[in-house]
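Notes for the structure review
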Amino acid sequence: MSIPGPGIEAYRDVAPRGAVDFLLHLSERVRGRHFVHVNSTRVGGGVAEILRRLVPLMNDVGVKADWEIIEGDRDFFAVTKAFHNALQGEEQVFTEAMLEHYLASNRANASRMSLNGDLVLIHDPQPAALVESRPADGQWVWRCHIDLASPQRRAWSFLRRFVLRYDAAVFSLPAFAQQLAIPQFLVYPSIDPLADKNRELEPSEIDALLAPLGIPRERPVVLQVSRFDRFKDPIGVINAYRMVKPYHDCVLVLAGGGADDDPEGARVLAAAREAAARDSDIHVLDLPPDAHLTINALQRTATIILQKSTREGFGLTVSEAMWKGKPVIGGATGGITTQILPGVTGYTVSSVEGCAYWVRHLLAHPEAAARMGAAGREHVRQNFLITRHLREYISLMARLVS
Amino acid sequence: MAERAATATRPFHFTGCVELREITGRRARDERELMEEIEGAPAESIYYHTDTVFLRRPLVAGSYPNDFAIWVAVQIRDQVLAERLGMVDPFLFESVERTREEILSILDDHLERLNPVPRVVFGDPFFFVRSHLIEVPTGITARSLAEFRAALAEVDVSAIYLHALDARSRRGVRGGQFAEWLGEELGLAELAERVGRLNPYLGGLERVRQMMLALVDAQLEGALRGAA
């Protein structure tokens, strides 16, 4: 499989000093070993986005990496979508026929796929039951990317019996781990600094990307980039902005999407638009899913970036924002508290008032905002870039296989 | 002395490390639970939350320097305990067990004065994670001070952690392996003493690197002037 993109050498300028050479030395331990990733899609979603870069980079450093996709019909993906929602705490209905179809699809895939590897990393619930057909050799690890903090019991107890047949599991946060009789490792997700969403942009590119949006840039811009979802609290963001407005003449930009196929998201978007209709300094942008460069340009233009979620998985938009050198104010939930170092790279808040307080503070102290932005970029460089992610997967392989 | 310092018989081998994190399943929601869990946690877990914090934050400084203090400050909002825990320096102790004892002693003393026990109301519990440090030789070696300087400037920051900090808290090398080598192999006692006094509270591992480079540069310049 050949996916175009920069090789590991291209990361020397963005990764921490010495990190690429170190990665190459580390990879020597597992050179030529076979690392197989299995997930449910090659395009769309955060897992596919990261695998599109991780798999070629693994090959580039000497690991033989392959990426397999589980296939299924509409009913299979309806069941796995229900699993996804149930594992994240939403009540769902599962019939015996649904569970049987899930298992039958996994078995059919197992007979078709090449699942021989020194390390087989199965991503998320869709292919989890492939472990029933695992070969005698090789280590199998279940990689859970979703928020398992409070799963629906029936869904988790069904899935758990498969997870227990793995040699280990990997979660994105300690809060997502479960009571399991296998080792559970912690690997944070990452951003790709060379992707369109994060790469450096020339001022002329930023101008061209933002010109159609009509956002005034001569005043401070407060930005939140996220789906129009009530847990991202865009209405709370608008209320915080209103509290700040008497003190600072700033502009609020809410940029996101995801409302097209989500009735609740559409209601949240409508409420945000209604607020914007009454204040010309509130800009609500419903962007298409591939507007990576526009989001990049918006983040680079912002003065302060918010991620005022009331519930969050990992919330990688925080790292994306910090990578642009911006101070970030985020809700004290999920992975946001892992990414923001309070008082150093931004602030974590638990209320609309808290959000308003720190926005007002940072707008009044641009030197502190600049210092935090610079600290945030370095924090991301050390902890949330794809090179660190690659390093941890290779060290996992070294530990389990070598 | 200058001639003796030119080349070491035992070269310095720079070794980096990567940390694999294992979730232990232990968690605490109040300060008493925190104490109980610290008492029973594996040593590698105490090590993760006190020592390797610097591996995860080699440059960024400003908040409390260990996870226990940060959690108490941010989630429990008990500033007094956070301040006391924030001053625990694991690199002053010869073992992780001594660090654990120090933390337990602070918690015990603090809890004796408090009723009720402060707990998380809105925030997250403390999750105990265990560190598995995998050492990786970088292939970089140094025999002279000039070679040492060149390697130090380029090596992965995890090597600074391993040689300067981990060596103190888990291998009992006072002052760390850099200082030990500079003193024993190059005979640079004064430089070794200064390097051995560098600590991560100066602003993280990258700051330690910068300060060490400055000390080495001064030594090299001094040697040049002496030779002239």
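Note: the structure precedes this text.
Residues numbered from 1 in each chain as written. Chains lettered and ligands numbered in written order. Predicted model: local features only at pLDDT ≥ 70, side-chain atom pairs only at ≥ 80, totals over all residues. Heavy atoms only, no water.

**Digging into the overall build of chain B**
This is how the line gets drawn: In this text, helices come from DSSP runs of H or I with a minimum length of four residues, and strands from runs of E with a minimum of two, each type numbered from the N-terminal end. Accessibility here uses a 1.4 Å probe with only protein chains present; expressed as a share of the type maximum, an area under 20% marks a residue as buried, one over 50% as exposed, and anything in between as partly exposed. The contact criterion used is simple: two residues touch if any of their non-hydrogen atoms lie within 4.5 Å. The accessible surface values rely on the Shrake-Rupley method and a 1.4 Å probe; as for residues, cover is taken only from the protein chains in view.
Scanning chain B from N- to C-terminus turns up 11 helices and 2 strands. Counting from the amino terminus, chain B carries its helices and strands in the arrangement β-α-α-α-α-α-α-β-α-α-α-α-α. With the C-alpha coordinates aligned to their principal axes, the bounding extent of chain B is approximately 70 × 30 × 25 Å. Counting across all 228 residues of chain B, residues that qualify as buried make up 57%. Counted over contacts in chain B with a minimum sequence separation of 6, partners at least 24 positions apart contribute 75%. As displayed, chain B has an accessible area near 10000 Å², and 50% of this comes from carbon and sulfur atoms.

**Focus on the overall build of chain A**
Applied cut-off: Radius of gyration: C-alpha atoms only; globule rule: 2.2 Å multiplied by the number of residues to the exponent 0.38. In this charge count, Lys and Arg are treated as positive and Asp and Glu as negative; neither His nor the chain ends contribute. Positions of charges follow a simple convention, taking NZ of Lys, CZ of Arg, CG of Asp or CD of Glu.
When helices and strands are tallied, chain A shows 14 helices and 12 strands. For a compact globule of 402 residues, the expected C-alpha radius of gyration is about 21 Å, and chain A comes in at 22 Å, within 12% of that figure. Taking the principal axes of the C-alpha coordinates as reference, chain A spans close to 65 × 50 × 35 Å. Long-range contacts, defined here as pairs at least 24 residues apart, represent 70% of the contacts in chain A between residues at least 6 apart. By element, 50% of the accessible surface of chain A is carried by carbon and sulfur atoms, the whole surface being about 15600 Å². Of the side-chain charges in chain A, 44 are positive and 46 negative, and the distance between the mean point of each set is 4 Å.

**Let's talk about the sheet that holds strand β1 (residues 12-28) of chain B**
Note the cut-off: Strands qualify as paired when DSSP identifies two bridges or more between them. Orientation is described by lines fitted to C-alpha atoms, with helices fitted over the stretch in contact, and by angles between N-to-C directions that extend from 0 to 180 degrees.
Read from one edge to the other, the open sheet built from 8 strands follows the order β2(A)-β1(A)-β3(A)-β4(A)-β5(A)-β6(A)-β1(B)-β2(B), with strand pairing classed as mixed. If you trace the sheet from one side to the other, it starts and ends with β2 (64-69) of chain A together with β2 (126-142) of chain B, each paired once. The mean angle between the axes of side-by-side strands here comes to 25 degrees, regardless of whether they run parallel or antiparallel. Across 4 bridges, the pairing between strand β4 (residues 139-144) of chain A and strand β5 (residues 168-171) of chain A is parallel. Its bridge partner lying in β5 of chain A, C144 of chain A is registered against F171 of chain A.

**Quick word on the packing of helix α8 (residues 157-171) of chain B against helix α9 (residues 176-184) of chain B**
Residues and elements named next belong to chain B. To be explicit about the condition: Each angle is binned into one of four classes, with values under 35 degrees roughly parallel, values over 145 roughly antiparallel, values of 65 to 115 roughly perpendicular, and all other values oblique. Following the grouping adopted for this structure description, the nonpolar residues are Ala, Val, Leu, Ile, Met, Phe, Trp, Tyr, Cys and Pro, the charged ones are Asp, Glu, Lys and Arg, and the polar ones are all others, Gly among them.
Where α8 meets α9, the closest approach of the two axes is 5 Å, and the angle between their N-to-C directions is 95 degrees. Taken together, the axes of α8 and α9 lie roughly perpendicular to each other. Of the residues in α9, those in contact with A159, I160, L162, H163, A164, A167, R168 and R171 of α8 are G176, Q177 and F178. Taken together, the residues that form the contact of α8 with α9 break down as 6 nonpolar, 3 polar and 2 charged.

**Concerning the packing of aromatic side chains**
Geometrically, a pair of aromatic rings is defined through the distance of the ring centres and the angle of the planes. Rule in force here: Pairing of aromatic side chains requires ring centres within 6.5 Å, counting the rings of Phe and Tyr and the six-membered ring of Trp. Pairs whose planes differ by under 30 degrees are stacked, by over 60 edge-to-face, and all others tilted. Only when the NZ of Lys or the CZ of Arg is both within 6 Å of the ring centre and within 35 degrees of the ring normal is a charge said to sit over the ring.
Considering all chains together, one arrives at 30 aromatic pairs over all chains under this definition. Here the aromatic rings of F76 of chain A and F77 of chain A are separated by 5.0 Å at their centres, their planes lie at 70 degrees, and the arrangement is edge-to-face. Relative to F158 of chain A, the ring of F83 of chain A has its centre 5.6 Å away and its plane inclined at 15 degrees; by these criteria the two rings are stacked. With F83 of chain A in helix α3 (residues 74-87) and F158 of chain A in helix α5 (residues 153-163), this residue pair connects regions lying 75 residues apart in the sequence. What makes F83 of chain A buried here is its relative accessible area of 0%. One aromatic cluster is present, formed by F76, F77, F83, F94, Y102, F158 and F162 of chain A through successive ring pairs. Taking NZ or CZ as reference, R377 of chain A lies 3.9 Å from the ring centre of W323 of chain A, over its face. For R56 of chain B, the ring lying beneath its charged end belongs to Y48 of chain B, and the centroid distance is 3.7 Å.

**Describing the pattern of salt bridges**
Residues and elements named next belong to chain B. To keep things clear, this is the line we draw: Every case where a carboxyl oxygen of Asp or Glu lies within 4 Å of a side-chain nitrogen of Lys or Arg is listed as a salt bridge.
The full count for this structure, using the stated rule, is 50 salt bridges over all chains. A salt bridge links R10 to E185; the nearest nitrogen and oxygen atoms lie 3.2 Å apart. Taken together, the residues R10 in the segment before β1 and E185 in the loop between α9 and α10 (189-197) connect sequence positions 175 residues apart. The class of R10 is partly exposed, set by a relative accessible area of 40%. The exposure class assigned to E185 is buried, which follows from its relative accessible area of 13%. The residue R130 makes a salt bridge to E44 at a minimum N-O spacing of 3.6 Å.

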